[in-house]
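Spelled out, the chains give:
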Amino acid sequence: LRVLRPVGCTLPVQLWNFRAELTARDRRLVDVLGCDCVDSDEHAQATGFDWHRSWWKGWQLKSYALLHSPFREVLWLDADCYPTRDPEYLFDDLLYRERGSLFWPDLSDSSCPLPADAPLIFGAPALGDLPCEAGQLLIDKGLCWRELTLALFLNRHADFTYRLLW
């Protein structure tokens, strides 16, 4: 947020967090920057979603927050992503408009925790040589609803899914 606002970004922002992650002071600080904090634990309790009782719950949060945010189009940025210009222009990208998603490659020397053939378990093609950056993505929920609900289903069953793929 301290980077988004100075580069001119006026898009609405939500910060999805787990209950113990933010203090009342933290919430006040991000509120000043025009951010709506969403208590993921409280939200999930209302929808009947169970977080896995491990570090996996952070991974589960991404698909959950993407589907449950009020925005049809979501630019997801992890806390360690630092845009150098207003990212609003990305919503006009021709491939994004056509396909409903935009992803960025990760560093070529990034280690990928999945074996290249892991997606074959689910009938998907094997991974390419260039890893995908998971900390930033742009998605149109209207065009990618089926894929997002599948991701949430796999994350709802994280104990099985993550052990199978890890």
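Analysis parameters
- Residues numbered from 1 in each chain as written.
- Predicted model: local features only at pLDDT ≥ 70, side-chain atom pairs only at ≥ 80, totals over all residues.
- Heavy atoms only, no water.
- Helix = DSSP H or I, 4+ residues; strand = E, 2+ residues; numbered from the N terminus.
- Expected span 1.5 Å × (residues − 1).
- Buried < 20%, exposed > 50% of the residue type's maximum accessible area, 1.4 Å probe, protein only.
- Arc of directions from axis to C-beta.
- Contact = heavy atoms within 4.5 Å.
- Polar contact = N/O pair within 3.5 Å; in protein donor to acceptor, adjacent residues only side chain to side chain.
- Pairing = 2+ DSSP bridges.
- Axes fitted to C-alpha atoms, helices over the stretch in contact; angles between N-to-C directions.
- Phe/Tyr/Trp six-rings, centres within 6.5 Å; stacked < 30°, edge-to-face > 60°.
- Lys NZ or Arg CZ within 6 Å of the ring centre and 35° of its normal.
- Parallel < 35°, antiparallel > 145°, perpendicular 65-115°, else oblique.
- Nonpolar A, V, L, I, M, F, W, Y, C, P; charged D, E, K, R; others polar.

What is the right way to look at helix 5 (residues 145–156) in this model?
What sets the pattern is the α-helix's 3.6 residues per turn: residues three or four places apart point alike. The terminal C-alpha atoms of helix 5 lie 16 Å apart, and with twelve residues this matches the ideal 16 Å at 1.5 Å per residue to within 8%. When helix 5 is considered as a whole, its buried residues turn out to be Leu148, Leu152 and Asn155. Take helix 5 and look down its axis: the buried residues cluster within an arc of 65 degrees, on one side only. Its buried side turned inward, helix 5 meets helix 3 (57–68), strand 5 (132–140) and helix 6 (158–165).

Looking at this model, I keep getting lost on the side chain of Asn155. Mind explaining?
Among the structural elements, Asn155 can be located in helix 5. Of the residues examined, Asn155 reaches a relative accessible area of 10% and is grouped as buried. One polar contact links the side chain of Asn155 to the main-chain carbonyl oxygen of Ala151, over a distance of 2.8 Å. Every residue in contact with Asn155, bar those within four places of it in the chain, is listed here: Phe49, Trp59, Gln60, Ser63 and Tyr162.

Which parts of the structure should I look at to understand the sheet that holds strand 5?
Either a parallel or an antiparallel arrangement is found when strands of a sheet pair, and the pairing is made through backbone hydrogen bonds. The antiparallel open sheet is built from three strands, whose spatial order is 3-5-4. Looking at which strands have only one partner, the edges of the open sheet turn out to be strand 3 (73–77) and strand 4 (101–105). Here the strands of the sheet are splayed against their neighbours by 15 degrees on average, with no regard to which way each runs. When strand 4 meets strand 5, the two strands line up antiparallel, connected through four bridges. From the neighbouring strand, Phe103 faces strand 5, where its bridge partner is Leu137.

Whenever I open this one, the packing of aromatic side chains confuses me. Can you help?
Here a ring pair, both rings aromatic, is described through the centre-centre distance and the interplanar angle of the planes. Under the definition given, this model contains seven aromatic pairs. With centroids separated by 5.5 Å and ring planes inclined at 65 degrees, the aromatic side chains of Trp59 and Tyr162 adopt a geometry described as edge-to-face. Here the residue Trp59 occupies a position in helix 3, and Tyr162 occupies one in helix 6, the gap between them amounting to 103 residues. On the accessibility criterion, Tyr162 (11% relative accessible area) is buried. The structure contains a cluster of three or more aromatic residues connected by ring pairs, namely Trp16, Phe18, Phe49, Trp51 and Tyr64. Here Lys57 stacks its cationic end above the ring of Phe18, 4.4 Å away from the centre of that ring. One Lys or Arg, Arg85, reaches over the ring of Tyr89 and ends 3.8 Å from the middle of that ring.

Would you explain the packing of helix 5 against helix 6 in this entry?
Relative orientation and spacing of two packed helices are given, respectively, by the angle between their axes and the distance between those axes. Where helix 5 contacts helix 6, the two axes come as close as 5 Å, and the packing angle between them is 95 degrees. The angle between helix 5 and helix 6 places the two elements in the roughly perpendicular class. Here helix 5 contributes Leu154, Asn155 and Arg156 to the contact with helix 6, which in turn contributes Ala158, Thr161 and Tyr162. Looking at side-chain class alone, the contact of helix 5 with helix 6 contains three nonpolar, two polar and one charged residues.

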